[in-house]
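Now for the letters of each chain:
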Amino acid sequence: MRIENSFIPVRGVGETTERKLWQHGITHWDEFDGSVVGDTLADRIHSFIEEGRTHLERGDVAPFAEELPAASRWRCYENVREETCFLDIETTGLDASCEDVTTVSVHRGGETKTFVKDRDLTARRLADELEESSLLVTFNGQRFDVPFLETCYDIDVTTPHVDLMYPCKQLGLDGGLKAIERDLGIDRDMPDLSGRDAVRLWHEYERGDEGALDTLVEYNRADTRNMKPLMEIVADRLHETVFEAACADE
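Parameters and conventions
- Residues numbered from 1 in each chain as written.
- Predicted model: local features only at pLDDT ≥ 70, side-chain atom pairs only at ≥ 80, totals over all residues.
- Heavy atoms only, no water.
- Pairing = 2+ DSSP bridges.
- Helix = DSSP H or I, 4+ residues; strand = E, 2+ residues; numbered from the N terminus.
- Axes fitted to C-alpha atoms, helices over the stretch in contact; angles between N-to-C directions.
- Parallel < 35°, antiparallel > 145°, perpendicular 65-115°, else oblique.
- Left-handed = near helix turned anticlockwise from the far one by under 90°.
- Contact = heavy atoms within 4.5 Å.
- Nonpolar A, V, L, I, M, F, W, Y, C, P; charged D, E, K, R; others polar.
- Phe/Tyr/Trp six-rings, centres within 6.5 Å; stacked < 30°, edge-to-face > 60°.
- Buried < 20%, exposed > 50% of the residue type's maximum accessible area, 1.4 Å probe, protein only.

- The name that an unreviewed UniProt entry assigns to the protein chain is 3'-5' exonuclease, with the source organism given as Haloterrigena salina JCM 13891.

1. Describing the pairing of strand β3 (residues 111–116)
Item 1. Direction of pairing for strand β2 (residues 101–108) relative to β3: antiparallel, over a ladder of 6 bridges. Directly across from S105, in β3, lies its bridge partner T114.
Item 2. What sits between the antiparallel neighbours β2 and β3 is a turn of 2 residues, in which G109 has the positive phi angle 60°.

2. Concerning the packing of helix α8 (residues 195–206) against helix α9 (residues 210–248)
Item 1. Where α8 meets α9, the axes come as close as 7 Å, and the angle between the chain directions of the two elements is 150°. For the element pair α8 / α9, the angle class is roughly antiparallel. Judged by the twist between their axes, the crossing of α8 over α9 is left-handed. Touching G195, A198, L201, W202, E204 and Y205 of α8 are E210, A212, L213, T215, L216 and Y219, all from α9.
Item 2. Considering only residue class, the contact of α8 with α9 consists of 8 nonpolar, 2 polar and 2 charged.

3. Considerations on the packing of aromatic side chains
Item 1. Per the counting criterion, the structure on display carries 8 aromatic pairs.
Item 2. Ring geometry for F7 against F32: centres 6.2 Å apart, planes inclined by 45°, an arrangement best described as tilted. On the criterion of sequence distance, the pair formed by F7 in the segment before α1 (15–23) and F32 in the loop between α1 and α2 (39–57) is long-range, its members being 25 residues apart.
Item 3. A relative accessible area of 0% means that F7 is categorised as buried.
Item 4. Look at F32 and you get buried, because its relative accessible area is 6%.
Item 5. A centroid spacing of 4.9 Å and a plane angle of 85° characterise the contact between W22 and F243, whose relative ring orientation is edge-to-face. With W22 in helix α1 and F243 in helix α9, this residue pair connects regions lying 221 residues apart in the sequence. For the pair shown, W22 and F243 are each scored as buried.

4. Topic: the sheet that holds β3
Item 1. The strand order β3-β2-β1-β4-β5 describes an open sheet built from 5 strands, whose pairing is mixed. Strands at the two margins of the open sheet, each flanked by one partner only, are β3 and β5 (161–163). For this sheet, the mean angle separating the axes of adjacent strands, direction not counted, is 20°.
Item 2. Taken together, the 3 bridges between strand β4 (residues 135–138) and β5 define a ladder with parallel strand orientation. Across the sheet, L136 pairs through a bridge with H161, a residue of β5.

Structure follows, in structure tokens:
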């Protein structure tokens, strides 16, 4: 599924109208000819397609993410696969007003970077990573990672955001990231570690155990890297569920 298959970002087009277009063989912007819908809506769709092509030429998916329902933002991924930033954080607790971010890992274009508190984890570095990314992907980041970073580092995260927890729920994949990985057969190097272990490891590092920091960093990086295969599985399955199923009903 690519953005060019989508019509629901257009004002006045809901899932029912989009499905109707697909079922009439209009599955891509190139195939839209104004039929099937009324003249006013057809003009609106033509304008949306014209403006949309300009945005996509710039690699800018923000206008589409803003108009897509949150549960449908996964559709942006295929257009900006290489510019997608997978992000995960570790903290000393759950309350951003009194706890700290200890490590932040980002994975983009096949490369993983990790920033560590009191070393190289700064607001400027975080902002730079997000500015270089066309899409942000997290797991439960809408409620946790992003608000935590915004509070602790006084940054405004405006990168279009896909929180994988919600499309996973659409597919009946419940539980935390590691449980879903097990269900899907995604391997990880440190299956026995948890968020509680991450807090313990940080405190051990503060007491002088450099090996504890190495373990924490690798744990954080594993969470981040594993979101990429999860994103691809989710996008493929939702493509089949949403797009291919509708087209099969023609």
